[in-house]
Amino acid sequence: MDSVEVAAAPDAGPGPAWQSKCPWGAHNTTSMSCSLADVMSEQLAKELQLEEENAAFPEVVAVAEGPFITGENIDTSSDLMLAQMLQMEFDREYDAQLRREEKKINGDSKVSISFENYRKVHPYDSDSSEDEVDWQDTRHDPYRADKPTTTPRKGFIGKGKDITTKHDEVVCGRKNTARMENFAPEFQVGDGIGMDLKLSNQVFNALKQHAYSEERRSARLHEKKEHSTAEKAVDPKTRLLMYKMVNSGMLETITGCISTGKESVVFHAYGGNATEDKVIPPECAIKVFKTTLNEFKNRDKYIKDDYRFKDRFSKLNPRKIIRMWAEKEMHNLTRMQNAGIPCPQVVILKKHVLVMSFIGQDQAPAPKLKDVTLNSEDMKKAYYQVLNMMQQLYKECNLVHADLSEYNMLWHDGKVWLIDVSQSVEPTHPHGLEFLFRDCRNVAQFFQKAGVAEALNERELFNAVSGLNITADNEVDFQAEIEALEKMNEDHVQNHGKKLSVFSGDGDPPIYAE
């Protein structure tokens, strides 16, 4: 390639001295010749740039000894160097993952864990500054207060005026604060040690007693939830009893809940295979008595004063009341069934679960008497039927319903059916006549409001059912005579140890003799 000449300006010749020193004057330039390849050379450009940098920055800071790997001096031809770089990057990512796990697990807990022993690169080896070190990742947290030191066995520390005994107020206060961490996890105590909190013995004992009370209350609530029958739900033990009935073939399937009350929950079920001594109806009603005891605390008078269950009644064990309540309804239904009174047929009793025949059809229970709409003839027929059932219940079954109303009477197949007789008592009960008078008042008021002209008032209905001839002008005197009869009967039981004969030999109504 032809050489390129860079020609300088022609010499201006000799001239005055001021022309050679003038900055605007022409200056002598030397001609330099180079090839085009040298001008386009990259190596020449780097050398020129390096010379300019050295001229601009003559002082060079010395690099610390030891290998320092950057992106410019990497020897990519060395497999060892590449492996070390990849391993270092992997270790840093692994440590970052451990820090995230620590933060996720610890959260705001007072007790924290650390994965420091599992790290690949320690904090001082990382490229983060000392101020950026996460102190939660280290063994010692400078921001966490030290736990109070224990007093030696001799009971004091120090000498002379500086002696401190184990009864020192500050020492005891810090010890009590540290002992709060032994409370149940549900009892939030906060960071008392970090705040250097000092609790007196009186305050600590009060907090300790409160923590124990809360722990016992939580346990009771859990047990109550686990072992009680709630609305439309059963506890595990009751569920097991119902499963056994299905597995044994007594019941085919349990469809669901059809009714709830204060004392029980009623489920519908289809009957299974009949046995030799037991006839199982096609549809059954499973009455599960609630085990919460709340509804039975004020209803023990129906059992403890009943002569059939008086000896077995235990005030100290309320759970037995529930089973006796179910057993009492079974015996009362059996009496009513033997007397021919329309009522559910008892199938089996298992603890507090009573299986009966279902009053209704196709999972639809029979309507209550208060919900059904009857014409005048049917309502009159229902009244006389109820009157007849009350007389049968009193004379033949020797029972008083004690909760008879339009809510406990069903209308099915053109007649009235009695249900819910778990609280029924005998007439010789200390409050038997009072219960009967209350039933008569409920029945009389319902049928009088329904428009039955032949309906008797409560006093006339009471005399018609019981056979007693109590003549009183007002209700107050009438109830006073009833209480007097109950008092005479109670005195007779206490003096002679047995109840009065409520039936005479020819089947006449009971007579309370002096």
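Before reading on, note that the structure itself is shown above.
Residues numbered from 1 in each chain as written. Predicted model: local features only at pLDDT ≥ 70, side-chain atom pairs only at ≥ 80, totals over all residues. Heavy atoms only, no water.

Enquirer: What am I meant to see in the packing of helix 10 (residues 376-395) against helix 12 (residues 458-466) here?
Expert: A packed helix pair is summarised by two numbers, namely the angle formed by the two axes and the spacing between the axes. Relative orientation of the contacting elements helix 10 and helix 12 amounts to 50°, with a least axis distance of 8 Å. Taken together, helix 10 and helix 12 sit at an angle that is classed as oblique. The segment helix 10 lies against helix 12, with Y383, L387, M390, Q391, Y394 and K395 engaging L461, A464, V465 and S466. (Axes fitted to C-alpha atoms, helices over the stretch in contact; angles between N-to-C directions. Helix = DSSP H or I, 4+ residues; strand = E, 2+ residues; numbered from the N terminus. Parallel < 35°, antiparallel > 145°, perpendicular 65-115°, else oblique. Contact = heavy atoms within 4.5 Å.)

Enquirer: What's the story with the sheet that holds strand 7 (residues 283-289) in this structure? I'm lost.
Expert: Consider a sheet: its strands pair through backbone hydrogen bonds, and that pairing is either parallel or antiparallel. Spatial ordering of the open sheet is given by 5-6-7-9-8, a layout of 5 strands whose pairing is antiparallel. Each edge of the sheet is formed by a strand with only one pairing partner; in this case those strands are strand 5 (251-260) and strand 8 (346-350). Geometrically, the sheet is characterised by an average inter-axis angle of 25° between neighbouring strands, direction not taken into account. Across the face of the sheet, helix 7 (residues 236-247) comes into contact with strand 5, strand 6 (264-271), strand 7, strand 8 and strand 9 (353-357) while running at roughly 140° to strand 5. (Pairing = 2+ DSSP bridges.)

Enquirer: Help me understand a nonpolar patch on the surface, please; the structure alone is not making it clear to me.
Expert: A cluster of nonpolar residues, F90, Y94 and Y118, forms a patch on the protein surface that exposes about 330 Å² of accessible area. Summarising the element assignment, F90 is placed in helix 4 (residues 79-106). By relative accessible area, F90 is classed as partly exposed at 46%. (Patch = residues over 30% accessible without salt bridge, like charges linked within 9 Å, V, L, I, M, F, W, Y side chains within 5 Å. Areas by Shrake-Rupley, 256 points an atom, 1.4 Å probe, with all protein chains shown as cover. Salt bridge = Lys/Arg side-chain N within 4 Å of Asp/Glu carboxyl O. Buried < 20%, exposed > 50% of the residue type's maximum accessible area, 1.4 Å probe, protein only.)

Enquirer: Looking at this structure, I do not really get the nonpolar core. What am I missing?
Expert: In summary, soluble globular proteins display a tendency toward joint burial of nonpolar side chains. If you look at the biggest cluster of nonpolar residues, it comprises 55 residues, and the most contacted ones within it are F447 and F462. Those elements giving two or more residues to this core turn out to be helix 9 (319-339), strand 9, helix 10, strand 12 (409-412), strand 13 (415-418), helix 11 (432-449), helix 12 and helix 13 (475-496). Looking at which domains feed residues into this core, each of domain 2 (233-365) and domain 3 (366-500) supplies at least three. Not counting the four nearest positions on each side in its chain, F447 is found in contact with L369, M379, A382, Y383, V386, V452 and A455. (Core = buried A, V, L, I, M, F, W, Y, C linked by side-chain atoms within 4.5 Å. Domains from an automatic or database assignment.)

Enquirer: What am I meant to see in a positive patch on the surface here?
Expert: Taken together, the side chains of K237, K244, R323, K350 and K351 present a region of like positive charge at the surface. Relative to the helices and strands, K244 resides in helix 7. (Lys, Arg positive; Asp, Glu negative; His and termini not counted. Charge placed at Lys NZ, Arg CZ, Asp CG, Glu CD.)

Enquirer: Would you mind going over the pattern of salt bridges with me for this structure?
Expert: As enumerated under the stated definition, the model contains 9 salt bridges in all. Of the charged contacts, one joins D196 and K198 as a salt bridge, the two residues approaching to 3.3 Å between their closest N and O atoms. Here D371 makes a salt bridge to K370, at a shortest N to O gap of 2.7 Å. You can call D371 partly exposed: its relative accessible area is 47%. Overlapping salt bridges, with partners in common, bring together R174, D196 and K198 in one network.

Enquirer: Whenever I open this one, the pairing of strand 9 confuses me. Can you help?
Expert: For a regular strand, side-chain orientation follows a simple rule: the groups alternate between the two sheet faces. Burial analysis of strand 9 places 5 of its 5 residues in the buried class, the great majority of the element. Taken together, the 5 bridges between strand 7 and strand 9 define a ladder with antiparallel strand orientation. Pairing of I286 across the sheet is with V355, part of strand 9. As judged from the 4 bridges shared by strand 8 and strand 9, these two strands associate in the antiparallel manner.

Enquirer: When you look at the packing of helix 11 against helix 12 in this model, what are you seeing that I'm missing?
Expert: Running from amino to carboxyl end, helix 11 crosses helix 12 at an angle of 125°, the nearest separation of the two axes being 8 Å. It follows that helix 11 is oblique to helix 12 by the angle criterion. Two packed elements cross with a definite hand, and for helix 11 against helix 12 that hand is right-handed. Contact with helix 11, carried on its side by L433, L436, F437, C440, R441, V443 and A444, involves E458, R459, L461, F462, V465 and S466 of helix 12 and no other residues of that element. When the residues that make up the contact of helix 11 with helix 12 are grouped by side-chain class, the tally is 9 nonpolar, 1 polar and 3 charged. (Left-handed = near helix turned anticlockwise from the far one by under 90°. Nonpolar A, V, L, I, M, F, W, Y, C, P; charged D, E, K, R; others polar.)

Treat this as a map of the structure, not an account of what it does.
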